[in-house]
Amino acid sequence: MRTLTAAFRPYKWALPTDEVARLAGIDPSQVLRFDQNTPPLPLASTRPAAVAGALARVNNYPAGGYRSLRRAIADYAGVEPANVVLGSGADDLILLCARAYAGPGDTVAIPEGPTYPLFRIATELTGAEVGDEDTVLTFACRPNNPTGTLGPLPDARPLVVDEAYFEFSGETAVELIEDDVIVLRTFSKLFGLAGARVGYALAATDVAAELNARQAPAPISSVSAALAVAALAARPDPAPVLAERERLADALRALGFAPLESHANFLYVPTDDADAVADALLRKGIVVRSFPDAFRVSVLDREDDDRLLEALGGPTVTRGRSVRTVRATAETRFATRLALDGARRVRVSTGAGIYDHFLEQLAFHAGFDLVLEGAGDLETGDHHTAEDAALALGEALDAALGDRAGIARYGNAVVPMDDAQASAAVDLGGRPFAELKLELDPGMAAHMLQSLAQAARANIHVESTGRDPHHVAEAAFKAVGRALGAAVGRAGAGVPSTKGRL
């Protein structure tokens, strides 16, 4: 085995989530990772149905060179499939480019620090040295990681441009691939597939052929390829991330920090005590990336970012009885964040249309904060998605209630809605039961309320009448929400039962 130089340092990961949880004294599901520059939740396209076909053939090697994925990438990037080189994330392709161009005695140029450490690691693994004279290869990082800056492209050739954060900047060097430029991208960032490890290079046809000849015969799994194809078929919009980035940057400035202007999905925050800030956050279950004179934070979403700001000294975010849960089956996957003492901040996004609307109405009228996101196998109909979304909400409600001590336990409400009127009564005593009479049902409304009662260990009685199925169902969900809002209310400190237990 060839000896590496004494100065070589391998890539260093941050603490894994379970260790962070132990350090902070919290459940792993409550750990917030601001160190990975990935979305807070997977895309809706990342669901079991997307990989069902690949799993059915997982006993076989990928055949045909991933033609569907190469075609999808080519269409997305505006090139031809022959220009595409696949890899296990952009990291794999950085290593591939380094070993294709450099070896012992050669010199490779990398961006001025701070920058992504794998450029140096890849160079040193080939036996080459990092420098600026007589270079055989030059790496560029646009936008730069970790600073988020968007510097000029070097004139040197051959040039490898790491565009892992391209979607957030909108600037690319793809038009230069015929000028000895190789562009690297990844599905780990905007597309939320970091765990699937899918990256791709875009290069001139002859260069791509040479790189493919030096690449592993099957560089990614067929399951990962299926996830990437599904992601490209439902491309996410980076605009909400960009808007949240600016909100987070403004909030950090209000706390006295000075984050650099960013063209990526993270912020680089210079400070003299970066290690101390990172360590203090770590002990609260919040992981950021620390550098000698700055820390870097990923842009997640408003709910998570507000928790970061609070931990940094910002205004307290009232969460009260809150939980974060994940429910996954062979058919669906939902991530739920629920706060019983909320401010009616509600977002439900499962793709189930009207049933998302019903759950939003329930949570809003209960006074909860709720984020329920994920996806199910909608190609078979709404049933599994709607049912499991209600089960996910019920499980989160059960977890947020804990031992149920101090709650009112009972609640009731009557809600008129145009031609419809619904009455609901709720008992949170712990025995699941549902007595439901909906005069008209658009399809899944009664079953969802039954599923909610089951998972939340609640007794729910509903009667709703009217002439329009939508109104009958919506009034029922609003009534249940208002009854739940009363039932979860605080009423003393003891267990609300003459038996002494629920």
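Structure first, text after, so check above.
So, here is what we can say about the structure in this document. Values in this document were obtained by computation on a predicted structure and should not be read as measured data.

What counts as what
Residues numbered from 1 in each chain as written. Predicted model: local features only at pLDDT ≥ 70, side-chain atom pairs only at ≥ 80, totals over all residues. Heavy atoms only, no water. Axes fitted to C-alpha atoms, helices over the stretch in contact; angles between N-to-C directions. Helix = DSSP H or I, 4+ residues; strand = E, 2+ residues; numbered from the N terminus. Parallel < 35°, antiparallel > 145°, perpendicular 65-115°, else oblique. Left-handed = near helix turned anticlockwise from the far one by under 90°. Contact = heavy atoms within 4.5 Å. Pairing = 2+ DSSP bridges. Patch = residues over 30% accessible without salt bridge, like charges linked within 9 Å, V, L, I, M, F, W, Y side chains within 5 Å. Areas by Shrake-Rupley, 256 points an atom, 1.4 Å probe, with all protein chains shown as cover. Salt bridge = Lys/Arg side-chain N within 4 Å of Asp/Glu carboxyl O. Lys, Arg positive; Asp, Glu negative; His and termini not counted. Charge placed at Lys NZ, Arg CZ, Asp CG, Glu CD. Buried < 20%, exposed > 50% of the residue type's maximum accessible area, 1.4 Å probe, protein only. Right-handed = clockwise from strand over helix to strand, strands pointing away. Phe/Tyr/Trp six-rings, centres within 6.5 Å; stacked < 30°, edge-to-face > 60°. Lys NZ or Arg CZ within 6 Å of the ring centre and 35° of its normal. Expected span 1.5 Å × (residues − 1).

### Comments concerning the packing of helix α4 (residues 89–101) against helix α5 (residues 118–125)
Contact geometry for α4 and α5: axes closest at 9 Å, N-to-C directions at 40°. Of the possible angle classes, the one that applies to α4 and α5 is oblique. Taken as a pair, α4 and α5 cross one another with a handedness that is right-handed. Here Asp91, Ile94, Leu95 and Ala98 of α4 come into contact with α5, specifically with Leu118, Phe119, Ala122, Thr123 and Leu125.

### Observations regarding the sheet that holds strand β9 (residues 266–270)
Taken together, three strands build an open sheet; the order of strands is β9-β12-β11 and the sheet is antiparallel. Each edge of the sheet is formed by a strand with only one pairing partner; in this case those strands are β9 and β11 (289–291). On average, each strand axis in the sheet is tilted by 20° relative to the strand beside it, whichever way the strands run. Here β9 pairs with strand β12 (residues 294–298) via five bridges, running antiparallel. Along β12, the bridge assignment pairs Tyr268 with Arg296. On the sheet, helix α9 (residues 239–254) packs against β9 and β12 and is oriented at approximately 20° with respect to β9.

### Remarks on a negative patch on the surface
Residues Asp272, Asp273, Asp275 and Asp293 make up a contiguous surface patch of negative charge. Position of Asp293 among the secondary structure elements: in the loop between β11 and β12. For Asp293, a relative accessible area of 44% gives the class partly exposed.

### Some remarks on the pairing of strand β19 (residues 433–438)
Two strands pair when backbone bridges link them, and β19 and strand β20 (residues 459–465) are joined in this way by six bridges, in the parallel orientation. Bridging from a neighbouring strand, Lys437 pairs with Glu463 of β20. Traced from β19 through helix α14 (residues 445–456) to β20, the parallel crossover comes out left-handed.

### Here we look at the packing of aromatic side chains
A full pass over the atoms with the stated rule returns 12 aromatic pairs. Ring centres 5.3 Å apart and planes at 75° place the aromatic pair Tyr11 and Trp13 in the edge-to-face group. Of the residues examined, Tyr11 reaches a relative accessible area of 29% and is grouped as partly exposed. Through a chain of ring-to-ring contacts, three or more aromatic side chains come together here, namely Tyr11, Trp13, Tyr116, Phe119 and Phe139. One cation-aromatic arrangement involves Arg344 over Phe364; the distance from NZ or CZ to the ring centre is 5.4 Å.

### Points about the pairing of strand β13 (residues 322–328)
When β13 meets strand β14 (residues 332–339), the two strands line up antiparallel, connected through seven bridges. When the bridges of β14 are listed, Arg327 appears paired with Phe334. Count of turn residues in the β13/β14 antiparallel hairpin: three residues.

### Section: unusual backbone geometry
A cis amide bond, omega 0°, links Gly113 with the succeeding residue Pro114. By the secondary structure assignment, Pro114 is in the loop between β3 (107–109) and α5. Geometrically, the link from Arg142 to Pro143 is a cis peptide bond, its omega value of -10° lying close to zero. One can find Pro143 in the loop between β5 (137–141) and β6 (159–162).

### A closer look at helix α13 (residues 383–401)
The end-to-end C-alpha separation of α13 is 27 Å, in line with the 27 Å expected for 19 residues at 1.5 Å each. Of all 19 residues in α13, 14 are buried; the element is thus mostly enclosed. Immediately downstream of α13, the backbone of Gly402 shows phi near 60°, a positive value.

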